[in-house]
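Chain by chain, the residues:
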Amino acid sequence: MWIMTHAVLRQAWLENIRPVLVINKIDRLIMELKFTPQEAYSHLKNILEQVNAITATLFTSKVLEERAEKDTETQMTSDSAQRDQVYDWSAGLESTDDSHLYFSPDQGNVVFASAVDGWGFGIEHFAKLYSQKIGIKPSVLLKTLWGDYYLNTKAKKIMKSDQSKGKKPLFVQLVLDNIWSLYEAVTKRDKEKIDKIVSSLGLKIGARESRHADPKVQLNAICSQWLPISEAVLSMVCNKLPSPLDITIERVEKLMSVGGKAFDSLPQETQDLKDAFMKCSSEETAPVIVFVSKMFAVDAKTLPQNKPRPLTQEEMEQRRELVRRRHAEKLAATQGQELAQAGAGENPVDQAMKAEVTKEDDQPPVTQTEAVTVAAVKQEAETKEAFVAFARVFSGVVKKGRKLFVLGPKYDPAESLHKMPVGCCAADDLPPVPHLACCTLEDLYLLMGREQQQLEEVPVGNVLGIGGLQEFVLKSATLSSSPACPPFTPLNFEATPIVRVAVEPKHPSDMPQLVKGMKLLNQADPCVQVLIQETGEHVLITAGEVHLQRCLDDLKERFARVEISVSKPIIPFRETITRPPKVDMVNEEIGRQQKVAVIHQSKEEQNKIPEGVQVDSDGLVTMSTANKYATLSVRAIPLPEEVTRLLEENCDLIRTMEQFTSSLNEGKKTQEMNQKTLDQIQALKQKLQEKLQGRKWRNAIDSIWSFGPRKCGPNILLNGFEGYERSVWQCLDKGVKEASLYRDFDNSVVSGFQLATLSGPMCEEPLMGVCFSVEKWDMSKFAEQVSTNRQGLEEKAEGETLATGGTTPVSADGDSESTPESKETQGSGQQPFKLLSRRKGETLLADCYGPFSGQLIATMKDACRYAMQAKPQRLMAAMYTCDIMATAEVLGRVYAVLSKREGRVLQEEMKEGTDMFIIKAVLPVAESFGFADEIRKRTSGLASPQLVFSHWEVISDDPFWVPTTEEEYLHFGEKADSENQARKYMNAVRKRKGLYVDEKIVEHAEKQRTLSRNK
């Protein structure tokens, strides 16, 4: 069965949506495959059986899962004697009615069609038609037109088909034979037979279609009148799909319960909206609730308001009158000129030329720049993409020009309702609420395929398009007149974005257009993700190779309209440090072996530290700034795994805390934190204290200076030196800001830490799980230099003031009087005092090494990098959890593909009621590209993987490892060139970023004699 059909049926089943079936492209069975009507009937019946088999599998799995859950509950409460009873597999299926789930033409939920030729039908059309001719009831024909039934013409009865007698089924005899005859007549240009068919069906075919050279045109003209596909599909939708009034309570509660919350836990105002869903009322008092499932892009020229509309009779009369008036004025002006020329005796041609020159001189000249700008604006208007929201009305009436609330996916009515007045609406002035905005519905459209028709209002239960929401909705949203409405659960897409590439323009000047185009693509495609990495790369994440190619084509042709270059797949990594290992690569205890001098020397050269940097035996790195005015000592410590995970989970809370602390330090007015946030911060602090136990972590929590990178990451900066207290918990302590020399350059040290954690020393990837402790910060030389410079500046300023003769008196606060004569003196003498007081002497120390704050940032960054290099470094790989459904026959092939790509199987279980196994494994993201295609090829499509990002995992291999003991030397050889997975990943990232890679291009080079020399 086709993969997409299977995916659509499974998604419809999970969403509890009743589908209908359209079997399309039946014309290919006639024109391309040359099937007979009997062969086509067998093929269609086989397709229908396959679709129903998928539905039956989904239904059986659900019933047996429910039965297994009930049995588990029963076993827990029953006696041991009752557990030996025979398990009845069929009891759950027999007691459940599943007849309404399957597709069958006699139920009216199947349409046979050829959209390219414009025809489609359900068998009820032919049942009504032949009931009059044959004299059999339509209800009987409806049940027998599909299936192995044939017509006994003598007895005028419908009987079971007897294959031995070669009887045709009713569907072949009454339906397919007629369609095949029509196609045959048109393709062979049998004019007599065509006229007979057209007259018998009572159709009218135009002369143009009849004489057209392409038989498809004539075929479309006949079929679209005889069996119009639009009527067939629309009647099936109206008759078989449930009305909006038939929405179930379970579906309403599922839609309203977002984020895994139970319906009962929602506020009472939100639960009251459930009645509005069930009633589907279109009254004025009913709350308006609209769900936007996606945004799609259309050409702005195709929108109804931008199309040229036909002129009305009144407008045509007005234009005629305007033309007549202009013509009369022109005629009168010409006659007046002739009379004037006759009186003056001047040549009429010369007079006309002068008038034309005068007219041209009166007009302002148009510059080349203006012409180019006008052309660019015109071209942009022609190529502009407009976004239309695809939405459905669940309650109330949507009217053009009405203001509604836009509820983002993260909006929570429980947290936001108390911030707004009771009974408020979108037109009121409301306080800012997170993830809540107000919009005006500018345009409403009836979606007619590629065309849109403008509407003034849309009642409940309808699907519509809404224009003008591109500034408010990114991918999906909920529109409501009540702020108590929760955001609906967004649609679950089968495809998961796994293919990640970097995109850049071929011409650097096209970068703004590319950025704008990627934003539009992100909004237009619900399955694509667009982001900018730390390195500045513009990254596109798509669901697969086919989806990637489609996105790139749209980017080039529709949204950005520039030539682009696409990189190879990008692999995300993290860098970390670990505790020193206790055993070496051959499981020998470290410290008791004899070191090999040569290899040990190469190891030392690899991690060579430059001059001026002191590294102790326990990893403490001491560095001075370039001008030697400040000295920093930094130590790197690995964080426990639980702490790293805790920091990752509370990233948003840490960001809020850092923003509040920064505002407090800068002296800005900040709103008080609510008690709930303060309680969460206190709980985080308590958890960190519980997890950071031991002698080396004593008093570490109160000394946390910052988190990184971006001040909210899973790395910690500790303040471990005396004389200065600074902590991230100021929102809890609310301490008074102290003035000191350290405080002035506090942000420089933090900025250096942020830069160091943003790009590590191994391959410029972000750090994770590393704690940097600043154990010394000496600025005594800097203080002495500032004092010396201040004295020199004061003496210089006094000398300049005396030289001017006292014309520029200086006030007590250091500002000169604003007189015209004193402007020059004010600029030369008093400005340094202002800079000195404002920048604390930094301007004076901007020597050849640059500003002192910049030197401090660079020193802190380098010190952190060297401190990390003094410890055992490791790479961390992003890991996917991989869920694979496979049959027993292909389990071995699935395991082979996983082991080849460094995957690990965590769990394997058989799905009850089926022959499918569910395999749960972890797979590195670096090995996931092409994984889905390979596993489908190896298993012939019988295994389908689903990849979801899970966690970061340390790669145990040391990327810088070389043999250092006799045992390692004997075991791995002199080169130790066996594959090191961590080194391979590190070198690949360094190559992509243009960094130096320490690898030999040629190894074991030997002289090769050429053929000519061999002669």
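Just above, that's the structure.
Quantities reported herein were computed from a predicted structural model and do not represent experimental measurements.

About the cut-offs
In this convention, every chain numbers its residues from 1, walking through the sequence in written order. Local features in this predicted model are restricted to residues whose pLDDT is 70 or higher, and side-chain atom pairs enter the listing and the counts only when it is 80 or higher, whereas totals over whole chains, interfaces and linings include all residues. Values shown for side chains rest on all heavy atoms present in the structure; no hydrogens or waters enter the calculation. Secondary structure elements follow DSSP: runs of H or I no shorter than four residues count as helices, runs of E no shorter than two count as strands, and numbering proceeds from the N terminus. Here's how the labels work: a residue is buried when its accessible area is under 20% of the maximum for its type, exposed when over 50%, partly exposed in between, all with a 1.4 Å probe on protein chains only. Every residue pair with non-hydrogen atoms within 4.5 Å of one another is taken to be in contact. Values of accessible area rely on a 1.4 Å probe in the Shrake-Rupley scheme; residue burial ignores everything except the protein chains shown. Think of it this way: a Phe, Tyr or Trp ring, Trp meaning its six-membered ring, pairs with another when their centres are within 6.5 Å, and the plane angle makes it stacked under 30 degrees, edge-to-face over 60, tilted otherwise. Sitting over a ring, as applied to charges here, requires NZ of Lys or CZ of Arg to be within 6 Å of the ring centre and within 35 degrees of the ring normal. Here a salt bridge means any side-chain nitrogen of Lys or Arg lying within 4 Å of a carboxyl oxygen belonging to Asp or Glu. The directions from the helix axis to the C-beta atoms form the arc being described. Working definition of a nonpolar core: buried Ala, Val, Leu, Ile, Met, Phe, Trp, Tyr and Cys residues. They are joined through side-chain atoms within 4.5 Å. Interaxial angle, 0 to 180 degrees, is taken between N-to-C directions of lines fitted to C-alpha atoms, where a helix line uses only the stretch in contact. Any angle between 65 and 115 degrees counts as roughly perpendicular, while under 35 counts as roughly parallel, over 145 as roughly antiparallel, and the rest as oblique. By convention the crossing between two helices is left-handed if the near helix lies anticlockwise of the far one by an angle smaller than a right angle, and right-handed if it lies clockwise. Gly falls in the polar group here, along with every residue not listed as nonpolar (Ala, Val, Leu, Ile, Met, Phe, Trp, Tyr, Cys, Pro) or charged (Asp, Glu, Lys, Arg).

Peer 1: Give me the overall build of the protein: which residues, what numbers.
Peer 2: In terms of regular secondary structure, the protein is built from 35 helices and 30 strands. Classification of the 1015 residues of the protein by burial places 40% in the buried group. When contacts within the protein are restricted to residue pairs at least 6 apart in sequence, those whose partners lie at least 24 apart make up 73%. Split by element, the accessible area of the protein, about 59,000 Å² in all, is 51% carbon and sulfur.

Peer 1: Describe unusual backbone geometry, naming the residues involved and giving the relevant values.
Peer 2: Residue Pro-709 follows Gly-708 across a cis peptide bond; omega there is -5°. Secondary-structure assignment places Pro-709 in the loop between β24 (704–708) and β25 (715–719). At Cys-280, a residue that is not glycine, the phi angle is positive and equals roughly 50°. In this structure, Cys-280 sits in the loop between α14 (274–279) and β6 (289–299). Overall, Cys-280 belongs to the buried group, its relative accessible area being 13%.

Peer 1: Would you mind going over the packing of aromatic side chains in detail, with residue names and values included?
Peer 2: Within the structure shown, the criterion is met by 20 aromatic pairs. When the ring of Trp-705 is compared with that of Phe-721, the centres are 6.1 Å apart and the planes differ by 55°; the resulting orientation is tilted. Of this pair, Trp-705 sits in strand β24 while Phe-721 sits in the loop between β25 and α25 (730–733), and the two are 16 residues apart along the sequence. By the burial criterion, Trp-705 is buried, and Phe-721 matches it. Each member of the aromatic cluster is reached from another via a ring pair, and the members are Tyr-41, Phe-112, Trp-119, Phe-121, Phe-126, Tyr-130, Trp-146, Phe-171 and Trp-226. In this structure, Arg-392 packs its charged tip against the face of Phe-394, placed 4.6 Å from the ring centre.

Peer 1: Explain the pattern of salt bridges to me, and be specific about the residues and the numbers.
Peer 2: Under the definition given, this model contains 24 salt bridges. Residue Arg-904 is joined to Glu-953 by a salt bridge in which the shortest nitrogen-to-oxygen separation is 2.9 Å. Placement of the pair is Arg-904 in strand β28 (residues 904–910) and Glu-953 in strand β30 (residues 944–954), with a sequence separation of 49 residues. Here Glu-953 falls in the partly exposed class, since its relative accessible area comes to 22%. Salt bridges here are not isolated pairs; linked through shared partners, they connect Asp-27, Asp-117 and Lys-216.

Peer 1: Requested: an account of helix α31 (residues 891–900), with residues and values cited.
Peer 2: It helps to recall that an α-helix has 3.6 residues per turn; residues three or four apart then point in one direction. Those residues of α31 lying buried are Leu-891, Val-894, Val-897 and Leu-898. On an axial view of α31, the arc spanned by its buried residues comes to 125°, and they lie on one face. Exposed residues lying more than 90 degrees from the buried face of α31 are Gly-892, Ser-899 and Lys-900. Summarising the contacts, the buried residues of α31 are in contact with β27 (873–887), β28, β29 (916–924) and α32 (931–938). Positioned one or two residues after α31, Glu-902 has a phi angle of 60°, which is positive.

Peer 1: Break down the environment of Thr-542 for me, citing the residues and quoting the values.
Peer 2: Following the sequence through the fold, Thr-542 ends up in strand β18 (residues 538–542). On the basis of relative accessibility, which here comes to 0%, the residue Thr-542 falls in the buried class. Taking the C-alpha atoms as reference points, Thr-542 and Gln-529, 13 residues apart in sequence, are found 6.7 Å from one another.

Peer 1: Can you break down the nonpolar core residue by residue, with the values?
Peer 2: The biggest cluster of nonpolar side chains holds 50 residues, and the ones touching the most others in it are Phe-112, Phe-121, Phe-171, Val-175 and Ile-179. Considering every element that reaches this core, the biggest residue donor is helix α7 (residues 170–187), with 12 residues. Each residue touching Val-175, except ones within four places of it in the same chain, is listed here: Phe-121, Phe-126, Leu-145 and Leu-170. Listed in part, the 42 residues of the second largest apolar core include Val-406, Ile-466, Leu-552 and Ile-564.

Peer 1: Describe the packing of α31 against α32, with residues and values.
Peer 2: Here α31 crosses α32 at 150°, and the two axes come no closer than 9 Å. By the angle class used here, α31 and α32 are roughly antiparallel. As for the relative orientation of α31 and α32, their crossing is right-handed in sense. Contact residues: α31 offers Arg-893, Val-894, Ala-896, Val-897, Leu-898 and Lys-900, while α32 offers Phe-931, Glu-934, Ile-935 and Arg-938. Its residues placed into classes, the contact of α31 with α32 shows six nonpolar, no polar and four charged.

Peer 1: Report on the packing of helix α27 (residues 746–758) against helix α30 (residues 852–869), specifying residues and quantitative values.
Peer 2: Two quantities define a packed helix pair, namely the angle between the helix axes and the distance between the axes. One way to put it is that α27 packs onto α30 with a least axis distance of 7 Å and a crossing angle of 40°. Classified by the angle their axes make, α27 and α30 are oblique. For α27 against α30, the interelement crossing comes out right-handed. Across the interface between the two elements, Ser-748, Val-749, Ser-751, Gly-752, Phe-753, Leu-755 and Ala-756 from α27 touch Ser-853, Leu-856, Ile-857, Met-860, Lys-861 and Cys-864 from α30.

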